[in-house]
Amino acid sequence: MRTVEGGLEGRNQRASDFERVSPLQVLGFKGPPLEHFNDKIKKVIYNASGYEKESDAKIRGFLRFVYTNDPSEDDFSIRLTKRVENLKQSERFREAYATMGIWEMDIRRQERKEALAEGRALGAEERSVEDAVIAVREFNIDPQLAAEKMKAPLEKVMEKLKQK
């Protein structure tokens, strides 16, 4: 079996061992190990600003294009730029793009409404628990009756009573 020099923490490792470590770990990043989902997906992360250091000419050209937005060096980048320009001129694309923005705004607006409603419900529950606790402590009302009258969960009222 082939071994790879270096690897994690300077140990020799078999090439197959790299399937079980994250790319970040191989690069020397510390932290908890990432989960391995055994989904056969390979992820490669490039730093576009380091395009000069890439040995593969096609990848170097693409990274240069991503970093500089200048397609002058490679055929793929030139074709990609032309395609983007054609899409920008397309009325159908612009309409879809604008609609997507509106759709995303609608989703965000709905999410905010739901979050606000959830926050209000949690606040109302907290207030009902506090009111039930006050009723128990100041007026010697049975906790179950206080929780029922204040429409508060009995478990939370009992928990709050134990705290103070």
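Summary of the structure given here. Keep in mind that this is a model prediction, so the values were computed, not measured. (Residues numbered from 1 in each chain as written. Predicted model: local features only at pLDDT ≥ 70, side-chain atom pairs only at ≥ 80, totals over all residues. Heavy atoms only, no water.)

Regarding its fold elements, the chain presents six helices and two strands. Put simply, the chain has 164 residues, and 17% of those count as buried. When the accessible surface of the chain is totalled, it reaches about 13,800 Å², and 55% of it is carbon and sulfur. (Helix = DSSP H or I, 4+ residues; strand = E, 2+ residues; numbered from the N terminus. Buried < 20%, exposed > 50% of the residue type's maximum accessible area, 1.4 Å probe, protein only. Areas by Shrake-Rupley, 256 points an atom, 1.4 Å probe, with all protein chains shown as cover.)

Moving on to the packing of helix α4 (residues 91–139) against helix α6 (residues 154–163). With their axes 9 Å apart at the nearest point, α4 and α6 run at an angle of 60° to one another. Taken as axis vectors, α4 and α6 run oblique relative to one another. In the packing of α4 onto α6, the handedness of the crossing is right-handed. Of the residues in α6, those in contact with E125, V129, A132, V133, V136 and R137 of α4 are K156, V157, K160 and L161. Broken down by class, the residue content of the contact of α4 with α6 amounts to six nonpolar, no polar and four charged. (Axes fitted to C-alpha atoms, helices over the stretch in contact; angles between N-to-C directions. Parallel < 35°, antiparallel > 145°, perpendicular 65-115°, else oblique. Left-handed = near helix turned anticlockwise from the far one by under 90°. Contact = heavy atoms within 4.5 Å. Nonpolar A, V, L, I, M, F, W, Y, C, P; charged D, E, K, R; others polar.)

Looking now at the pattern of salt bridges. Two side chains of opposite charge can pair, provided their charged atoms sit close to one another. Counted by the stated rule, this structure contains six salt bridges. Of the charged contacts, one joins D75 and R79 as a salt bridge, the two residues approaching to 3.4 Å between their closest N and O atoms. Separated by four residues within a single helix, D75 and R79 lie in helix α3 (residues 75–89), roughly one turn from each other. Judged by relative accessible area, D75 falls into the exposed class, the value being 53%. (Salt bridge = Lys/Arg side-chain N within 4 Å of Asp/Glu carboxyl O.)

Between helix α2 (residues 57–68) and α3, whose axes approach to 8 Å, the crossing angle comes to 40°. Classified by the angle between their axes, α2 and α3 sit oblique to one another. For the pair α2 and α3, contact is made by G61, F62 and F65 and by F76, S77, L80 and T81, respectively. Taken together, the residues that form the contact of α2 with α3 break down as four nonpolar, three polar and no charged.

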